[in-house]
Amino acid sequence: MTATSTPMITIAGVSKSFPTPDGQIVTALEAVDLSIGASEIVSIVGPSGCGKSTLLYMVAGLVQPSNGEIGVAGRRVTGPDPQVGIVFQEFRIFPWKTVRENVMFGLELQRKGDARQRAEMADKYIQLVGLGGFENRLPKELSGGMKQRVAIAQTFACDPDVVLMDEPLGSVDSLTREKLQDELLRIWSESRKTIVVVTHSIEEAIYLGQRVVVMAPRPSRVVAAFDVPLPHPRTADMRTGPVMAELRGKIWDLVRGGIV
Ligand SMILES: Nc1ncnc2c1ncn2[C@@H]1O[C@H](COP(=O)(O)OP(=O)(O)OP(=O)(O)O)[C@@H](O)[C@H]1O
Ligand SMILES: [Mg+2]
C-alpha cells in the first residue's frame with residue numbers, strides 16, 4: 001500500500017506558526033505536503049522540535065493550521081473527530097480511574113455500547129497491550145511504560161479509522177518494546193486502520209512503517225519519504241537484515257549531510 005492508494009489523510013501546504021510571549025513568531029512547520037493512504041502504516045522521524053507533535057495535533061483537529069489544508073477521509077479537518085484517535089506523547093490517563101476504567105473512558109465519551117460491552121472491549125485491548133491482570137489497578141501502581149500502554153489501549157478500544165501515535169513506546173524497555181511493536185503491527189494488519197507513528201527510533205520507524213517520512217527543522221518540513229521494501233508481517237530477522245541496514249544508512253546520510 002503506498003500513497004497512490006485512496007488517501008485517508010491529505011496534508012496540503014500546511015504551515016503553523018505560534019506567537020511567543022515576547023511578540024516573536026515561531027514557525028513550527030512550513031509548507032508540509034503529505035498524503036497517507038487508507039490502511040497505510042507510516043512512521044515519522046525527525047529531530048526534537050521539528051514539529052512532529054504539532055503535525056499530529058493538526059491532523060487530529062486539536063490545533064488549526066496557519067496556512068494550508070488537512071483532510072481526513074475526504075473531509076476538511078475543522079475540529080476533533082471520533083474517527084481520529086491520538087495517543088499523546090505525554091500519555092494522558094486519569095490517576096483516580098483504574099486501568100479498565102481508563103480504557104473504557106473513551107467509549108463512554110462516545111456512548112459506544114452498554115457497560116458490559118465497554119468492559120469487554122476494554123479488556124480485549126488491555127490483554128493486547130500485555131496488561132492482563134492489571135485491570136483493577138490504579139495508574140500510581142504502574143510503571144511509566146505500563147501507563148503508556150493503558151493510553152494505547154484506550155485509543156484502540158474506541159475503534160477509530162485513523163490512529164495517530166506520538167512516540168507511543170518511548171518509555172517502554174527494549175524487550176517489551178519489540179513485543180509491542182509486533183502487537184501494534186498485528187492490530188494494524190487485522191483492523192486495517194490507518195496508523196501514523198512518530199518515533200525517535202529510526203529502527204522502529206523502519207520496522208513498523210510501510211513508509212518512513214523524515215522531517216527536518218529550520219524551516220520544519222518533510223525532506224524525504226522512503227518506501228520500506230519489506231513485506232508484512234515483519235519478522236525478527238528483518239530487524240537486523242540488509243533492508244534495515246540500507247534504509248537506516250540513507251536516513252543517517254541525511255542527518256550527516258546536515259539536512260536533518
Ligand atoms: N503551543 C505552542 N506555543 C508556542 N510554540 C509551540 C507550541 N507548540 C509547539 N511549539 C513550538 O513548535 C516547535 C515544534 O514543536 P513540536 O512539539 O511539534 O516538536 P516535536 O517534533 O514533536 O518535538 P519532540 O521530538 O521533542 O517531541 C517547537 O519549536 C515548539 O517550541
Ligand atoms: Mg513531540
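The structure we're discussing is the one just above.
Structural notes, computed from the coordinates. (Residues numbered from 1 in each chain as written. Chains lettered and ligands numbered in written order. Predicted model: local features only at pLDDT ≥ 70, side-chain atom pairs only at ≥ 80, totals over all residues.)

## A look at the overall build of the protein chain
For step 1, the next point in the chain: From N to C terminus, the protein chain includes seven helices and 10 strands.
For step 2, the next point in the chain: For 260 residues, the compact-globule estimate of 2.2 N^0.38 gives 18 Å, and the C-alpha radius of gyration of the protein chain, at 18 Å, lies within 12% of that figure.
For step 3, the next point in the chain: The dimensions of the protein chain, computed from C-alpha atoms along their principal axes, are 50 × 45 × 35 Å.
For step 4, the next point in the chain: Expressed as a percentage of the 260 residues in the protein chain, the buried residues total 38%.
For step 5, the next point in the chain: Residue pairs at least 24 apart in sequence account for 69% of intrachain contacts in the protein chain once pairs closer than 6 positions are excluded. (Helix = DSSP H or I, 4+ residues; strand = E, 2+ residues; numbered from the N terminus. Rg over C-alpha atoms; globule rule 2.2 N^0.38 Å. Buried ≥ 20, exposed ≤ 12 C-beta atoms within 10 Å, placed from the backbone. Contact = placed C-beta atoms within 7 Å.)

## Overview of helix 4 (residues 144-157)
For step 1, the next point in the chain: The terminal C-alpha atoms of helix 4, which comprises 14 residues, lie 20 Å apart, in line with the 20 Å expected from a rise of 1.5 Å per residue.
For step 2, the next point in the chain: Burial in helix 4 covers these residues: Lys-147, Gln-148, Arg-149, Val-150, Ala-151, Ile-152, Ala-153, Gln-154, Thr-155, Phe-156 and Ala-157.
For step 3, the next point in the chain: Looking at the packing, one finds that the buried side of helix 4 touches strand 6 (84-87), helix 2 (99-109), helix 3 (115-128), strand 7 (162-166) and helix 5 (174-191).
For step 4, the next point in the chain: Looking at the residues trailing helix 4, positive phi occurs at Asp-159, about 55 degrees. (Expected span 1.5 Å × (residues − 1).)

## Remarks on the site of ligand 1
For step 1, the next point in the chain: In the neighbourhood of ligand 1, the contacting residues comprise Phe-18, Val-26, Ala-28, Gly-46, Ser-48, Gly-49, Cys-50, Gly-51, Lys-52, Ser-53, Thr-54 and Gln-89.
For step 2, the next point in the chain: Elements with a minimum of two residues in the shell around ligand 1: strand 2 (25-37) and helix 1 (52-59).
For step 3, the next point in the chain: If one sorts the elements of the shell around ligand 1 by residue count, helix 1 sits on top with three residues.
For step 4, the next point in the chain: When its residues are assigned to classes, the shell around ligand 1 shows four nonpolar, seven polar and one charged. (Near = placed C-beta within 6 Å. Nonpolar A, V, L, I, M, F, W, Y, C, P; charged D, E, K, R; others polar.)

## What about the pairing of strand 3 (residues 41-45)?
For step 1, the next point in the chain: Extensive coverage of strand 3 is indicated by the burial of five of its five residues.
For step 2, the next point in the chain: The alternating pattern of strand 3 places Ile-41, Ser-43 and Val-45 on one face and Val-42 and Ile-44 on the opposite face, and all of these are buried.
For step 3, the next point in the chain: Alignment of strand 3 against strand 8 (residues 194-198), held across four bridges, turns out to be parallel. When the sheet's bridge partners are listed, Val-42 is paired in strand 8 with Val-196. (Pairing = 2+ DSSP bridges.)

## Considerations on the sheet that holds strand 1 (residues 7-19)
For step 1, the next point in the chain: Strand order in this open sheet of four strands is 2-1-4-5, and the pairing throughout is antiparallel. Strands at the two margins of the open sheet, each flanked by one partner only, are strand 2 and strand 5 (75-76).
For step 2, the next point in the chain: Two strands pair when backbone bridges link them, and strand 1 and strand 4 (residues 67-72) are joined in this way by five bridges, in the antiparallel orientation. Looking across to strand 4, one finds that Ile-9 is bridged to Val-72.

## Quick word on the sheet that holds strand 7
For step 1, the next point in the chain: Read across the sheet, six strands follow the order 6-7-8-3-9-10 without closing on themselves; strand pairing throughout is mixed. What marks the edges here is a single partner per strand, and that holds for strand 6 and strand 10 (221-227). Neighbouring strand axes in the sheet, compared pairwise and without regard to direction, differ in orientation by 20 degrees on average.
For step 2, the next point in the chain: Two elements, strand 7 and strand 8, share five bridges in a ladder whose sense is parallel. Paired with Met-165 across the two strands is Val-197, which belongs to strand 8.
For step 3, the next point in the chain: On top of the sheet, helix 1 reaches strand 3, strand 6, strand 7, strand 8 and strand 9 (211-216); it is set at about 155 degrees to strand 7, its chief contact.
For step 4, the next point in the chain: Against the sheet, helix 7 (residues 242-256) makes contact with strand 3, strand 9 and strand 10, and its axis sits at roughly 165 degrees relative to strand 10, the strand it touches most. (Axes fitted to C-alpha atoms, helices over the stretch in contact; angles between N-to-C directions.)

## Thoughts on the packing of helix 3 against helix 4
For step 1, the next point in the chain: Contact geometry of helix 3 with helix 4 gives a least axis separation of 9 Å together with a crossing angle of 135 degrees. In terms of orientation, helix 3 lies oblique with respect to helix 4. In this structure, helix 3 crosses over helix 4, and the sense of that crossing is right-handed. Facing helix 3, whose interface residues are Met-121, Ala-122, Tyr-125, Ile-126 and Leu-128, helix 4 presents Ala-153, Phe-156 and Ala-157.
For step 2, the next point in the chain: For the contact of helix 3 with helix 4, the residue count by class is eight nonpolar, no polar and no charged. (Parallel < 35°, antiparallel > 145°, perpendicular 65-115°, else oblique. Left-handed = near helix turned anticlockwise from the far one by under 90°.)

## Here's the deal with helix 2
For step 1, the next point in the chain: Taken together, the buried positions of helix 2 are occupied by Val-99, Arg-100, Asn-102, Val-103, Met-104, Gly-106 and Leu-107.
For step 2, the next point in the chain: Count one or two residues on from helix 2 and you reach Arg-111, which has phi positive near 50 degrees.

## Some words on the nonpolar core
For step 1, the next point in the chain: Judged by nonpolar contacts, the single largest core of 69 residues is most densely connected at Val-59, Val-103, Tyr-125, Ala-153, Ala-157, Leu-164 and Val-196.
For step 2, the next point in the chain: With six residues, helix 4 is the single largest residue contributor to this core.
For step 3, the next point in the chain: Val-196 has contacts with Ile-36, Val-42, Ile-44, Leu-56, Leu-164 and Met-165, leaving out every residue within four places of it along the chain. (Core = buried A, V, L, I, M, F, W, Y, C linked by C-beta atoms within 7 Å.)

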